[in-house]
Amino acid sequence: MRYRFTDNFWFGCAESATQTEGFCAAGGKTPSNWDHAFKISPHRFFNQTGPEETRGFWQNYREDIQLMRETGINSYRTSLSWARLMPDGYHLDEAAAARYRDIILCLKEAGIEPIITLMHFDLPFLMQQKGGWLSAQVIDAFVRYAETCFDQFGDLVSHWITFNEPIVPVEGGYLYDFHYPFKRDFASAARAAFNTQLAHARAVNLFHERRYAGKIGIVLNLTPSYPRSEHPADVYAAEVADLFFNKSFLEPSLNGRYPEKLIALLKHYDQLPVVSEDDLQIIAHARVDMLGVNYYHPRRVQARQTAINPASPFMPDWFFDAYEMPGRIMNTSRGWEIYPQGIYDILTDLRLNYGNIPVFISENGMGVENEERWIEAGQVNDAYRIDFIRQHLIAVHQAINEGSHCFGYHCWTFIDNWSWLNGYKNRYGLYRLDLKNMQRTPKASAQWYAALIKNNGLN
Ligand code: BG6
């Protein structure tokens, strides 16, 4: 075996509540911001397919977990839905808690380590109405929700994640208009980012102070910024993109403080939110036990080609333009570059500059359109996905060989799922979901992944 991993290496998959559960209106669940967004703007969703139309994990979890067991995965990350567990945002729904307990137990019985995320994009709409991540009240409510989850499931769960990709609802909701509440306003984005970090920090501090068993961390989507050239203007463009999109959450999560260069830049443009010293101290004290990294693609940038209109709304894009590198390899379905070296660069950066924190690749995968074109004898022959995962795993292996504390790899996703605004356009699963009858069929990648896990490595 040329690329062997350690015996306890996590080989698993990741998914999320909203993207798998369905039954949005069943039981006592109240709408999340996604249910509401679909209600008011169905045209924003691919083929007008909304969050109700998922594969029904809320009911089919036993069967799906059996397939995971057969594939041999040893760990699985999914999230809890706050709006389902605590429909009014504050009080537990006993039936929902019992069902989540059963899902977690079922995973454990199958020998699959559950990694539970508290917030994967789906804020209860009632909390959104209270101001969402702009409101201090919502931070308090989130901490109470986190505490309830630790109390309810702490005897079963040893690995907790506060937020999945906290920057995405900030960018989507307040900068680029693709998540509810569909705004473009940097001041709100900065406030929402800070409040999210504070909510994360308070949950982490509570977890440690109350001495709950297990570990807690955060999942960040890191997109390393690569400059077009070594010209100082291009290098500066990449540095600023990195400050906005990576270091804005990475530095406070791992080092307990915001990058000085980001603070100076925001101050210069009069965009720095006013925050209290007490809140900064809370963030400073919150040290995560582990980090999850979601990696899909790099960010290539160049110095801006046009002058900024100073009267236009302040945006991170004032400092760089996207760069289309000639010869880049693309996943054209998603419009994302395929660059396995990026995962190595992230792990190496974490090793050299962030104390080599224990880290796992919490999402990596490839969403492809019209996968039916690859069906042979009833099975999707997704050689491109196998190649994608293999190349990224080799890069992970190289980083580990050089000393990275990477302890796992999770593929996004196990079964094709509903992808926010893209519905079922791009399929990510190791299993194909037939939308006509909801049947699950292993793709070639599922068998390949099973062999990889069995051999604990690849040639
Ligand atoms: C990550 C998210 O950003 O990427 C997932 O954590 C998401 O929830 C995945 O589904 C793939 O992105 P998309 O937009 O193609 O679904």
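Before going into details, it helps to say that this report is about the structure given with it. Bear in mind that the values here come from a model prediction, so they are computed numbers and not experimental data.

Procedures and definitions
Residues numbered from 1 in each chain as written. Predicted model: local features only at pLDDT ≥ 70, side-chain atom pairs only at ≥ 80, totals over all residues. Heavy atoms only, no water. Near = heavy atom within 4 Å. Polar contact = N/O pair within 3.5 Å; in protein donor to acceptor, adjacent residues only side chain to side chain. Areas by Shrake-Rupley, 256 points an atom, 1.4 Å probe, with all protein chains shown as cover. Core = buried A, V, L, I, M, F, W, Y, C linked by side-chain atoms within 4.5 Å. Buried < 20%, exposed > 50% of the residue type's maximum accessible area, 1.4 Å probe, protein only. Helix = DSSP H or I, 4+ residues; strand = E, 2+ residues; numbered from the N terminus. Salt bridge = Lys/Arg side-chain N within 4 Å of Asp/Glu carboxyl O. Pairing = 2+ DSSP bridges. Contact = heavy atoms within 4.5 Å. Axes fitted to C-alpha atoms, helices over the stretch in contact; angles between N-to-C directions.

1. Some thoughts on the site of the ligand
Logical step 1: The full set close to the ligand counts 13 residues, and Gln19, Glu165, Arg334, Ser419 and Tyr428 are the nearest of them.
Logical step 2: Between the ligand and the protein, one listed contact pairs an oxygen atom with a side-chain N or O atom of Asn164 at 3.0 Å.
Logical step 3: With respect to the ligand, the side chain of Trp420 contributes an N or O atom lying 2.8 Å from an oxygen atom.
Logical step 4: Computed on the free molecule, the ligand has an accessible area of 380 Å², of which 92% lies beneath the protein chains in the complex.

2. Considerations on the nonpolar core
Logical step 1: In terms of nonpolar packing, the biggest core is built from 137 residues, with Ile65, Phe142, Phe153, Trp160, Phe244, Leu291 and Tyr449 touching the most fellow members.
Logical step 2: Top contributing element to this core by residue count: helix α9 (residues 186–209), with 13 residues.
Logical step 3: In terms of nonpolar packing, the next biggest core, distinct from the first, is built from 6 residues, Ile115, Ile161, Met290 and Phe360 among them.

3. Concerning the pattern of salt bridges
Logical step 1: In total, this model carries 25 salt bridges according to the counting rule given.
Logical step 2: The salt bridge involving Lys443 is made with Asp416; its shortest N-O contact spans 2.8 Å. Taken together, the positions of Lys443 in the loop between β18 (440–442) and α15 (444–455) and Asp416 in the loop between β16 (406–412) and β17 (431–433) put the pair 27 residues apart, joining distant regions of the chain. Residues Lys443 and Asp416 agree in their burial class; the two are buried.
Logical step 3: Salt bridges here are not isolated pairs; linked through shared partners, they connect Glu371, Asp382, Arg385, Asp416, Arg427 and Lys443.

4. Details of the sheet that holds strand β10 (residues 321–322)
Logical step 1: Pairing within the open sheet is mixed, and its 3 strands lie in the order β7-β9-β10. Since the sheet does not close on itself, it has two edges, and those belong to β7 (225–227) and β10, each with one partner.
Logical step 2: Note that strand β9 (residues 299–302) and β10 share 2 bridges and pair antiparallel. Following the sheet pairing, Gln302 is matched in β10 by Asp321.
Logical step 3: Helix α10 (residues 232–255) rests against β7 and β9 of the sheet, and its axis sits at about 170° to β7.

Don't take any of this as a statement about function, it's just geometry.
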